[in-house]
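Per-entry structural report
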Amino acid sequence: MLLEYVDALRHLGDQLTDTAEGRGRLLIVNGGLTSGKAELLQEFAARADRVGALCLTATAARGLQSLQADVVDQLFHSRGLPAETTEHVTALLSPAVVAAPPGSPDLESLSGSGARAVRDTCAELLQLSRERPLVIGVDDVQFADAFSLQLLLYLSRRMESARIMIVLSKWDWAQPTLPRFYAEVTRLPHGLIRLVPLSEHGIAELITQRTGEQPDPGLVAAYYELTGGNPKLVDALLEDQRTAGAGSHGRSGPAGPATVGSHYQQAVLACLYRWNPQLLEVAEALAVLGDEGSAGPLSRLSGLSMDTTEQVLHTLVAEALLTTGPTPGNYRFRHPAIAKTLLNSLSTTERTRLHLQAAKLLHQQGIGARPVARHLAEAGIVVEGWATGVLRAAAEQALAHDDSCTAVRYLELVMNACTPGTEHDTRLALVHASWRTSPAVSALHLDLLPEGLDLETLSRRDTATLVRHALWQGETETAALGLKVLEASGGAVDDSTIACLRLAERWVYGPAVEEWRRPATRPEHSAEPTGGGSSSCAHAVWDLAAVSTRTGVDHAAAKARRVLENCALDDVSLETVVAAILALLHDGETESAVSWCDILREEAARRLAPTWLAVLECLRAAIALRQGDLAAAAKLAATGYERLPASAWGVFIGYPLSILMMVDTALDNHDAAAQHLRQVVPETMFTTVWGAHYLRARGHHFLATDRALSAISDFRAAGGLSERLGLDFPALFPWRGDLALANMRLGRTVLAHQLVTEELEHPRLDVRAKGVALRLLASCSDPSRRQGLLERAIDHLERSQDRLELSRALAAMSRVLQRSGQNEQARSTARRASQEARICRTGGEEPATERESPEPGPTVPGPRAAASSVHEQLSEAEARVATLAARGLTNREISGQLFITVSTVEQHLTRIYRKLGVTRRSNLPTRLADRRGALEGRAQG
């Protein structure tokens, strides 16, 4: 009978009913090693016990086959058996009585006392069956000892009319065990049950029996995929589900993804350890080989014949432990956890031996470098000379597939095998491979290179690697020398490599680092290449660099697009594509800059390149800051900065730090900005473009915290550095406007006016920089000119899409309009300024310090009622703050007008919100409108 587990359980129950009526039954249950034979016997015995039968059970074991009467001894120590019966039978089963040649099923082979012991023991069993039905269950009978087999045969021949039911389970295996016993027992009347894997319906029924609930169909399908209908593994998965706390999530029962845990893994191991050792040997070999698990390599690695290996594989597939792999003839485990568990069960020595043997085996077969290298890496040692070449080749392939971590792992293994004095080539390869994921690790390897390394003796790629690293670390002399060596090699180096490294040099140190030129191998007016590839990239990069050097970053958008369309993102081109995106940004193509930056960020994430992603996220933060989106800039800059440890940033650390300081200063987070200043930065940073950005950001922090003289010092230093770098462009470094702002804070309006005028006369002034300069000029000009200047400033800033600077210009305009008596227009402008400022700070959400009351306020009264009680509710100081907040001024602007700290402004607003029953400043204008005049008088007083 071919039955699934649940059906087999029902059939055994029916046979027990016949047994109880005096008709003895002998049943043999066949099944695979994980078909659930043992569980079937256990569950049937439990059910039989509940209906009043006496159940005697035993499990035979391979290692105890020579221990005579072991199975019988287990039967008579079953629960529920009278103690005197156990003692009597134990006396019968003394070793002297049951001594017999192991494995013989013939009754005549026993001694006279042994035969008597069989007869007397069977008599005891027949006597027990007269009192109540007797069930005898033996699992794995193929491992039973000779005496116990004789007893089972003897009893089977004499129980036809007895209330005895014998259930023997055995496994299916192509090489039969105990053939003479099976020949004898199958001559007797018997029933044969062949357990077949559960169908999905059978799994659902089994889960219902175990949990009392109807399972979700999706879970049933997942269980079937993981178990192949193996009841033992289904039970293990249910236990893992219960342990993980994944209870009922479906419509009526267990649902959700299947949980694969220790119970499932241990169930598989138990099956493999319990049966023929050849199964375990092949399974361990497959766990080691992984994707290369075909019969041939498995045979050689396990040491078994091809026939035996194929037989074992067929059995493991039939038992639902394996499935056929993606490649024809290959095999894989149903779940990766099985392979992992098998490997973990091996000793370190054995695991190393198997991996080394697998590597040698695959290498001899001519398999590619990567599969061989995987085993060498798992072994952790190199013992043969051919292995280093394989590992280096595999490292190159891993880099080509954006797997830098694996490449580094292979190269470190090669490094361990190098003899002293021969490792510098491998060390340079490690510098190249590790930079993409960790510039700090790359720097460590670079520091271990021998002193005085002659760049002219290095390979082209190694020279480019040293230049790439020197630029990142601020080592100008090494970078310059390396570039000269590359250019001197003429056509030996891809033009795009030289072009990108040269542009990177000027991006970090500015065009003034040396006169811009194309290398001699590329004439100034060479024809534009018609095809794609590196030559197109090189041509585009040379053109962008030349345009940037002549006119600054403005008017370079077309050249920038060509760079982005022709140059692939890699370790060498990183600064090139960033420079191209910045060119788009400063040429007014903000949306295009955002789009390209986001595309490249996604690519960097997909290609697992933290260094690229860190730089590109800082670039995206810089774009957000230029748009006035402080919330996005803060998040992006922090994310990018934290992707690498501070020691890994080199001179580029000034990029994220300058953005973070500018954002924190604009958000009045001065403690956070000061914390960034505590980060140690390399001294060489102050010779780079990042040093100029850092000085400017620090200057704004000093200015916001009432240290105007320190701010002036930093703004001057930033200006001087930008001039030395050849980057005196207001779009990049509006240092004259910064100085003007600081001098206005000190009351030096004449000097401020002079500085802003110089800024406005600069030939490389973009629309945003001009809008900011016009706003500053209005602040230090005659009051009669201010409205006109601010109108022009607002027009420019609206076109530049910088909400932060626009909000500042609008706030300044509202004050000018207020002083000129244009009250309605002033209020409208103030509201707009407030809205723009709120969007800058929170992306549309009200900031907590300006929105929330520490405790719920009362019901908000109507506008007229609220206004009538304002005078009585607010103190003089609170009234002044409320008036300015109602006009749309920010906390920083209120602080500047009233000469109080930002913290004091926030405390006043908290009390104002509570007293007036509002929760945000946007409610203040309508509630104060009717009393604005009175409040203005108090504020002016």
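Residues numbered from 1 in each chain as written. Predicted model: local features only at pLDDT ≥ 70, side-chain atom pairs only at ≥ 80, totals over all residues. Heavy atoms only, no water.

**Re the overall build of the protein chain**
In terms of regular secondary structure, the protein chain is built from 48 helices and eight strands. Counting every position in the protein chain, which comprises 941 residues, the buried fraction comes to 55%. Split by element, the accessible area of the protein chain, about 39,200 Å² in all, is 51% carbon and sulfur. (Helix = DSSP H or I, 4+ residues; strand = E, 2+ residues; numbered from the N terminus. Buried < 20%, exposed > 50% of the residue type's maximum accessible area, 1.4 Å probe, protein only. Areas by Shrake-Rupley, 256 points an atom, 1.4 Å probe, with all protein chains shown as cover.)

**Concerning the packing of helix α17 (residues 348-364) against helix α18 (residues 369-379)**
In the contact formed by α17 and α18, the axes pass within 8 Å of each other and the chain directions differ by 160°. It follows from the interaxial angle that α17 and α18 lie roughly antiparallel. In this structure, the crossing between α17 and α18 has a hand that is left-handed. Residues Thr352, His355, Leu356, Ala358, Ala359, Leu362 and His363 of α17 lie in contact with α18, whose contacting residues are Pro371, Val372, His375, Leu376, Glu378 and Ala379. Residues of the contact of α17 with α18, tallied by class, amount to eight nonpolar, four polar and one charged. (Axes fitted to C-alpha atoms, helices over the stretch in contact; angles between N-to-C directions. Parallel < 35°, antiparallel > 145°, perpendicular 65-115°, else oblique. Left-handed = near helix turned anticlockwise from the far one by under 90°. Contact = heavy atoms within 4.5 Å. Nonpolar A, V, L, I, M, F, W, Y, C, P; charged D, E, K, R; others polar.)

**Brief notes about the side chain of glutamine 241**
Structurally, glutamine 241 is set in helix α11 (residues 231-243). The exposure class assigned to glutamine 241 is buried, which follows from its relative accessible area of 3%.

**Remarks on the pattern of salt bridges**
Counted according to the given criterion, the structure contains 41 salt bridges. With a shortest N-O distance of 3.6 Å, aspartate 49 and arginine 79 are connected by a salt bridge. With aspartate 49 in helix α2 (residues 37-50) and arginine 79 in the loop between α3 (70-75) and α4 (83-92), this residue pair connects regions lying 30 residues apart in the sequence. Since its relative accessible area comes to 34%, aspartate 49 is described here as partly exposed. On the accessibility criterion, arginine 79 (70% relative accessible area) is exposed. Across the salt bridge formed by arginine 698 and aspartate 714, the nearest N and O atoms sit 2.6 Å from each other. (Salt bridge = Lys/Arg side-chain N within 4 Å of Asp/Glu carboxyl O.)

**Topic: unusual backbone geometry**
Of note in the backbone geometry, alanine 69 takes a positive phi value of approximately 70° without being a glycine. Relative to the helices and strands, alanine 69 resides in the loop between β3 (54-59) and α3. In the Ramachandran plot, aspartate 140 falls in the positive-phi region, its phi being about 55° despite a non-glycine side chain. Here aspartate 140 is to be found in the loop between β4 (134-139) and α7 (146-156). Overall, aspartate 140 belongs to the buried group, its relative accessible area being 1%.

**Points about helix α13 (residues 277-289)**
Owing to its 3.6 residues per turn, the α-helix aligns residues three or four sequence positions apart on the same side. In this model α13 runs 19 Å from its N-terminal to its C-terminal C-alpha over 13 residues, within 8% of the 18 Å that 1.5 Å per residue would give. Burial within α13 is extensive, with eleven of its 13 residues counted as buried. All of the buried residues along α13 are Gln278, Leu279, Leu280, Val282, Ala283, Glu284, Ala285, Leu286, Ala287, Val288 and Leu289. Positive phi appears at glycine 290, one or two residues downstream of α13, with a value of about 65°. (Expected span 1.5 Å × (residues − 1).)

**Section: the sheet that holds strand β5 (residues 164-171)**
Taken together, the six strands give an open sheet; going across it, the order is β1-β6-β2-β5-β4-β3, and neighbouring strands pair in parallel fashion. The strands lining the two open edges of the sheet, one partner per strand, are β1 (2-3) and β3. Sheet contacts for α2: β2 (25-31), β3, β4, β5 and β6 (191-195); angle to β5, the most-contacted strand, approximately 165°. (Pairing = 2+ DSSP bridges.)

**Structural notes on the confidence of the model for the protein chain**
Mean pLDDT over the protein chain works out to 83, with 86% of the residues at or above the 70 mark. For residues 102-108, every residue scores under 50 in pLDDT, and the model assigns this stretch 16 contacts once sequence neighbours within four places are set aside. For the stretch residues 845-871, pLDDT sits under 50, and the model shows 46 contacts to residues farther than four places along the chain or on other chains. (pLDDT = per-residue confidence, 0-100.)

**Quick notes on the side chain of glutamate 4**
Within the element layout of this structure, glutamate 4 appears in the loop between β1 and α1 (5-20). Buried glutamate 4, no salt bridge; nearest opposite-charge side chain is arginine 10, N-O distance 8.4 Å. Not counting residues within four places of it along the chain, the set of residues in contact with glutamate 4 comprises Leu195, Val196, Pro197, Leu198, Ser199 and Gly202. (Lys, Arg positive; Asp, Glu negative; His and termini not counted.)

**Notes on the packing of aromatic side chains**
In this structure the tally under the stated criterion is eleven aromatic pairs. Judged by centre distance (4.3 Å) and plane angle (25°), the rings of tyrosine 655 and tryptophan 690 are stacked. Highlighted residues: tyrosine 655 in helix α32 (residues 654-666) and tryptophan 690 in helix α34 (residues 689-704), separated in sequence by 35 residues. According to the relative accessible area criterion, tyrosine 655 is buried, its value standing at 6%. Site record: aromatic cluster; members linked through ring pairs are Trp435, Trp472, Trp507, Tyr641, Trp649, Phe652, Tyr655 and Trp690. Over the face of the ring belonging to tyrosine 154 we find arginine 158, whose NZ or CZ atom lies 3.5 Å from the ring centre. Its end group placed over the ring of tyrosine 182, lysine 170 keeps NZ or CZ at 5.0 Å from the ring centre. (Phe/Tyr/Trp six-rings, centres within 6.5 Å; stacked < 30°, edge-to-face > 60°. Lys NZ or Arg CZ within 6 Å of the ring centre and 35° of its normal.)

**Notes on helix α14 (residues 295-302)**
In terms of burial, α14 is largely enclosed, as seven of its eight residues are buried. Those residues of α14 not exposed but buried are Ala295, Gly296, Pro297, Leu298, Ser299, Leu301 and Ser302. Phi turns positive one or two residues past the end of α14, at glycine 303, with a value near 80°.

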